Each structure stands twice: as structure tokens, then as C-alpha cells.
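Next come the chains, spelled out residue by residue.
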Amino acid sequence: MDQQKLQPWQAKQSADLYGIERWGNDYFGLSNDGHVTAKTLNTEVALLDIVKGMVERDLQMPVLLRVENILDAQIKRLSEAFSDAINNASYTQPYHGVYPIKVNQQAQVVEEIADFGKRYHHGFEVGSKAEMIIALSTLEPGRLIVCNGYKDEEFIDLGLQALKLGFDCFFVIETPSELPIIIERSRAINVRPMIGIRIKMISQVSGHWNSTSGDRSIFGLTATQLIDVVDGLRQEGMLDCLKLMHCHLGSQIPNLEDIRNGVIEASRYYVDLVREGAALTHIDFGGGLAVDYSGIQSEDNHSRNYSLEDYCKTMVETLKATLDNEAIAHPIIVTESGRAVVAYASVLLFNILDTTTFESTVESLAEPGENPLLAKLRDVSNQLTKENIEQSYELVHQYRNQIRNGFKEGQVDLRCRATAENIFLDALHNIADVLDVMDEIPSTMEGLKLSLADIYYGNFSLFQSLPDIWAIDQLFPIMPIHRLDEEPSRQAILADITCDCDGKIDNFVGQTEPQKTLPLHPLKVGEEYYLGVFLVGAYQETLGDLHNLFGDTNVVSVRLNRDGSFDFVKEMIGDTIADVLSYVEYEPKQVELNYRNIAERAVQLGRITVAERQEMIKAFRASLQGYTYYEREH
Ligand SMILES: *Cc1c(COP(=O)(O)O)cnc(C)c1O
């Protein structure tokens, strides 16, 4: 222990502390000089260098960074892992993935998936007319489109036209009432539809989204409804149109055993639907492939107890075993992985604006005639042992409270109270030091460390950029992107710049379990301190809201090159204040006019000169066109 203390802190200690190799999936690493790097194609680029490029381009923090190569690499890994599993198991049909657009609908992401996914026959899953229109305008004919969700006549017409154009467009029937519309419209348009059927699985899965499966799931057809749909199709002479069977167990499924059970159940449905006469060619296992956000490889909700290879192998082998047993031909395997495809490619970067520490500000020495409670407080603080720790903890609170009460009653003055608070804080820090060397922390003192943690104020809005932290306590890896060759000597929680007390983060990835505080470095005067929130590519961008009218952040896409350089390939300027005002129905021109009038009246009243008015209006206009986040003056 002491030995280690004498040696200078090494970047690899930071790597272990923050777990970057455990959750980074080989896309993020640490360089020896203490920088987080993005890695692909055997090259490595320091995120701080990318940030420097942003600063040079006047792209202010916060910025959402997308690394396009990582998105490409995930599609490649997914498709190749399935191909390998298929080859190893001598499964006779290929894998075709579809990307569910709802997971990240941003044009830059969807277009990249369409483009790079072409070589793997990667298609799209759509859940609404709007997403359908994205798919039809982004993919070319021949690609797979799976339509889930409730479909009205217009949605169905779009899909039938797509079939005519040559897309492999499946309607997945989610409720029996959709069938008559599909039959009627396909006759009117004169095209034979490609129909899918969503089954309601009984298999329960653990995790956040477990209600997507089981008896009370709002999705899918029950056994009775399935038979009705099959009979309905047979009556219409359309059973040959039933080509796809769909199931979706939920998102972020942490336990491989749940997936195996789901596939077993789905395979039985598949066998019997074929026996009923359906001309099935595709089986679609939906989403659910989890991301190991905490990097602990366990059945925890923020983790997963399997690798991508395990996932593919389990699906392929489990399906094959059932089908071969029943002598049923193999279908094309489809999955709708969203989270796992896009999560890794995005990092939210922001700077720290300020900190609050909970430490005594001055050393307080005994003074003649001072309140005797101060001496008592000092004594407790100076005589701490492992044995008296609980009692001391109680005593310092007791003396501190007596001082506070005395203040309320007018018997203790403000200066004395301030001194007491200082000694009290000192005492708590001393107690925390003793706790550090104890094997077991007394239950009454569990919250102590958290209550002493610094608050680091970050230039971001939780509600806009990380809504799942607020909504469902999602855990994302967070760490500084530089200075990692220095020991992070502070323990902190993060606060955002909204004035909402929920705008804070106090749950962090730890070495074995989540931690309430994050180790960070003290700020240096005149130097920015940058943090990254990793694995935020899935579900965060469009669920965010305009809390306190903080808008979309700047977005930058980079592409890493084999020679270790990188290019800024796309940038999107975040919302201006005028933009967010117009989202809530203000008219920016009118807003400015109102201000001009107020300033004109001030001129009339002699409060300001005309020249001052012009300066004020200029500044006001610049604000309207400015970024909604904290901007550093240059
Ligand atoms: C949301 C959703 C997905 C995506 O799930 P992930 O866990 O993100 O892969 C896939 N299919 C359907 C039907 C969905 O609703």
C-alpha cells in the first residue's frame, strides 16, 4: 500500500479505476500519457485532440461526438458474429439484421447505417409512418424493411407501394384488426403483401424492460388470436403471404438464459405455424442484445452475462436444434438490435464550470472567551479512534446542533456559528479517514462519504442529453478524458446547469459495483477540465426535452484514419436561443421588437443614451443567435 503511494500514479491505474477496458468494448482506451482514446482500424486518437479541433472550429461545449468508424465496426461485428455462428452450426440460411430507427433517428446515424450496412444486407425496422418514410428514402430496393407498430391504411399503402418498388417490406401484424385492412388494401393496389406475425411470448425476462414479454404484454398475438389470423389468411387464399414470425423479448436483456428460453419458445411457435401451412421464410427475434454499461459482465440490469458471440451462438444453435428435430427447414434469421449497434458510437463531452467542496475554509484556533461548545467539538475531532467512531459521530452532530439552536435563539452569533460549522466539517473528514481503514462501516455512517463529496458543475443538461439517467436511473460510464496520469484526488457528484435539483448524477460505474461518487481531479486555474459520458448513442437524443430551454447540443462526427489522423466529416450546430424560443411558440423577431421598444422608452426617460440603446440591442440580438449552454468568452 505505502509502496504504491510512493510511486507516481500511472495511467493504467486510472484505466482500472474507471473500468474503461471493461466497458469500452475495444473502442476506447487510455494512452500512457493519460488521455482517453477512441480506437478502431488499429489506430488510436485522443479525444482531447478532437476537442481541440472543435475549439478551433468554435464548436462550444457541450458537444455530442460521433465516431463513425465505431458505428461501422459494430454493424460489422454483429453481422460477422452471426455468420460465424451460422457457419459453425452448419445452419443453412443467412442472418439479416434490421436497425430499429426509433433507437436513434438522427439522419447522420441512419444514413451511415444504410450506407455501411449495405454489404451486410442490413435493413430497417420501422414503427410509424414517419420512420417508414425515412426508410423508404434512405434504403434502396432489395433491402429489408420490417414494419411494427399500429398501422393505419396510409401506413399500409406506403408499405405495399414499397413492395412494388422492390423492397422486402414486411407488415408485422400486432393486432387481429390490422389483417382486414392489409387484405383489402393489397387487393385494391394489386400486390401480394409480405406478412409477419408477432407472437406474445410467455417467457419472462429480467431487466428494465421485462414487461414487453409475458401474458400482460401489450404487444403480440395470443395463441387464440394467432389461430384466428392463420384461419383468416387461409380463407382468403393468402396463407402463402405469411412469411415472417416476429418476437421481441425486451430491451437490454442481461441474462443469456432468458434469451435461450425465449428462443426455445419462439422456435415452437415457428414449427407449429409451418405445420399450419404458413410459408415462413424469416424468423425475427427482435431487439434485446444488451450493452455492458457497467463492464462487470453480470446479470445486473446495466450489464450482461454474455458476449456477442455467446448471443449469436445461443440463438442459432437453440433454433437449429428445435427445427432439425422436427425436420423443419431453416429460415433467414433476423434481429432488430438497436442499442448494441449505436450505443458505442456517441460520447457526450462537456467541460466543468465550477465546483463546490464541503471542507472547512480556515483552520480555527481556540480563542479566549469563545463558546465552550467549540472546544468540545475540537476535542472530539482530535481524539478519534476506530473504537469511539460511532459515538464521536453522534457527539459532533449534537454539539453542532446545539450551536445552530443557539443561533436561532439569538445566543450564538454568526461568527461563532461559522467557526462551529468549520470544525464540524473538519471532524467529518477526519471520521471519514478513520472509516477508510475500517473493515466494516457502521450502518449509521453509510451516507457520510456522499455527504462530503464535492459537487462538480458540468456544462450540460441531463434532461436534454441524458434523459435515461433521470427517467430510469440508467448507468453510463463517465470519466475525465485527460489528466489520467494524475491521481484523481477528489470524490464528486455531478450537477448539470439546469436549475432543477434532479439535474444531478450520483451513480457511477465502479470496479465491481456502482458507486455514489466519481473520482475526479481538482480544477486547474486557466485550464478546462473535460469529462466524457460514454455509450450514449442509443435512446438519448430524441427522448431529451427542453428543460430550462437548453436545446440540442452541437454534434460532430469524426472518422479515424489508419495513419492515426482524423477528419471532421459532419457537424451540426446546436440550437440557438432563437430556435428554442420558437419551439415554445415565441416569435424571435417579436421578442427583439419588444426589447427595442423597452430600450426606446428608456431613451425617452433619459435613462440611457441612443448609443447605449444600440449597444444593448446588438448584444440582445447576439444572445438570440447564441448557444443555449454556458459559453466561455475568448
Ligand atoms: C425497441 C425495439 C427494438 C430495439 O431493441 P434494442 O434492445 O435496442 O436492440 C427492437 N424491436 C422492437 C419491436 C422494439 O420495440
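All of these numbers come straight from a predicted model, not from anything done at the bench. (Residues numbered from 1 in each chain as written. Predicted model: local features only at pLDDT ≥ 70, side-chain atom pairs only at ≥ 80, totals over all residues. Heavy atoms only, no water.)

**Focus on the pattern of salt bridges**
Part 1: One pass over the full model with this rule turns up 35 salt bridges.
Part 2: Linked by salt bridges that have partners in common, E68, D72, E112, R559 and K570 make up one network. (Salt bridge = Lys/Arg side-chain N within 4 Å of Asp/Glu carboxyl O.)

**Side note on a nonpolar patch on the surface**
Part 1: On the surface, L549, Y583, V584 and Y586 cluster together into a nonpolar patch covering about 370 Å² of accessible area.
Part 2: Summarising the element assignment, Y586 is placed in the loop between α20 (577–583) and α21 (588–604). (Patch = residues over 30% accessible without salt bridge, like charges linked within 9 Å, V, L, I, M, F, W, Y side chains within 5 Å. Areas by Shrake-Rupley, 256 points an atom, 1.4 Å probe, with all protein chains shown as cover. Helix = DSSP H or I, 4+ residues; strand = E, 2+ residues; numbered from the N terminus.)

**Quick look at the domain arrangement of the protein chain**
By a widely used convention, the size of an interface equals the accessible area lost when the partners come together.
Part 1: As far as domains go, the protein chain holds domain 1 (91–337), domain 2 (372–449) and domain 3 (578–624).
Part 2: With centres defined by C-alpha atoms, the gap from domain 1 to domain 3 works out at 54 Å. (Domains from an automatic or database assignment.)

**Quick look at the sheet that holds strand β5 (residues 95–100)**
Part 1: Judged by pairing direction, the barrel is parallel, and its 8 strands sit side by side in the order β5-β6-β7-β8-β9-β10-β11-β12 before closing back on the first. Each strand axis lies, on average, 25 degrees off the axis of its neighbour in the sheet, ignoring direction.
Part 2: As judged from the 4 bridges shared by strand β7 (residues 144–147) and strand β8 (residues 168–173), these two strands associate in the parallel manner. Considered in β8, the bridge of I145 is made with C169.
Part 3: Packed on one face of the sheet, helix α7 (residues 129–138) meets β6 (123–126), β7 and β8 and runs near 165 degrees to β6.
Part 4: Helix α9 (residues 178–189) contacts β8 and β9 (194–198) of the sheet and is inclined by roughly 145 degrees relative to β8. (Pairing = 2+ DSSP bridges. Axes fitted to C-alpha atoms, helices over the stretch in contact; angles between N-to-C directions. Contact = heavy atoms within 4.5 Å.)

**Describing the sheet that holds strand β2 (residues 36–40)**
Part 1: In space, the 3 strands of this open sheet follow the order β1-β2-β3, with antiparallel pairing throughout. Each end of this open sheet is capped by a strand with a single partner; those strands are β1 (28–30) and β3 (43–46). Neighbouring strand axes in the sheet, compared pairwise and without regard to direction, differ in orientation by 40 degrees on average.
Part 2: Pairing of β2 with β3, which is carried by 4 bridges, proceeds in the antiparallel orientation. Looking across to β3, one finds that T37 is bridged to A46.
Part 3: Taken strand by strand, helix α4 (residues 47–56) contacts β2 and β3, and its axis lies near 55 degrees from that of β3.

**Details of helix α15 (residues 389–408)**
Three- or four-residue spacings in an α-helix give side chains the same orientation, since the helix completes a turn every 3.6 residues.
Part 1: When the terminal C-alpha atoms of α15 are compared, their 29 Å separation across 20 residues agrees well with the 28 Å that a helix rising 1.5 Å per residue should span.
Part 2: G410 lies just past α15 and shows a positive phi near 85 degrees. (Expected span 1.5 Å × (residues − 1).)

**Quick word on the packing of aromatic side chains**
Part 1: Inspection of the entire model under this criterion finds 17 aromatic pairs.
Part 2: A centroid spacing of 5.7 Å and a plane angle of 55 degrees characterise the contact between Y27 and Y344, whose relative ring orientation is tilted. Remark: Y344 occurs in the loop between α13 (339–342) and β13 (346–356) and Y27 occurs in the loop between α3 (20–23) and β1; sequence separation between them is 317 residues. Grouping residues by exposure puts Y27 and Y344 together as buried.
Part 3: Seen from their ring centres, F463 and W470 are 5.4 Å apart, and the 65 degrees between their planes marks the pair as edge-to-face.
Part 4: Residue F463 is classed as buried on the basis of its relative accessible area, which comes to 3%.
Part 5: Taking relative accessible area as the criterion, W470 reaches 44% and is therefore assigned partly exposed.
Part 6: Taken together, the ring pairs in this structure connect F82, Y95, Y306 and Y311 into an aromatic cluster. (Phe/Tyr/Trp six-rings, centres within 6.5 Å; stacked < 30°, edge-to-face > 60°. Buried < 20%, exposed > 50% of the residue type's maximum accessible area, 1.4 Å probe, protein only.)

**What to know about the pairing of strand β14 (residues 454–458)**
Part 1: β14 sits mainly inside the fold: 4 of its 5 residues count as buried.
Part 2: Pairing analysis gives 4 bridges linking β13 to β14, with the strands arranged antiparallel. By the bridge assignment for β14, T355 is matched with Y456.
Part 3: Pairing geometry for β14 and strand β16 (residues 490–495), over 4 bridges, is parallel. Opposite I455, over in β16, you have I493 as the bridge partner.

**Some words on the site of the ligand**
Part 1: What surrounds the ligand is a group of 16 residues, the closest being K102, S251, E336, G338 and Y539.
Part 2: Between K102 and the ligand, the recorded distance is 2.6 Å, taken from a side-chain N or O atom to an oxygen atom.
Part 3: Within the backbone of G288, one N or O atom sits 3.0 Å away from an oxygen atom of the ligand.
Part 4: About the coverage of the ligand: the protein hides 91% of its 390 Å² of free accessible area.
Part 5: The residue makeup of the shell around the ligand, split by class, is 3 nonpolar, 8 polar and 5 charged. (Near = heavy atom within 4 Å. Polar contact = N/O pair within 3.5 Å; in protein donor to acceptor, adjacent residues only side chain to side chain. Nonpolar A, V, L, I, M, F, W, Y, C, P; charged D, E, K, R; others polar.)

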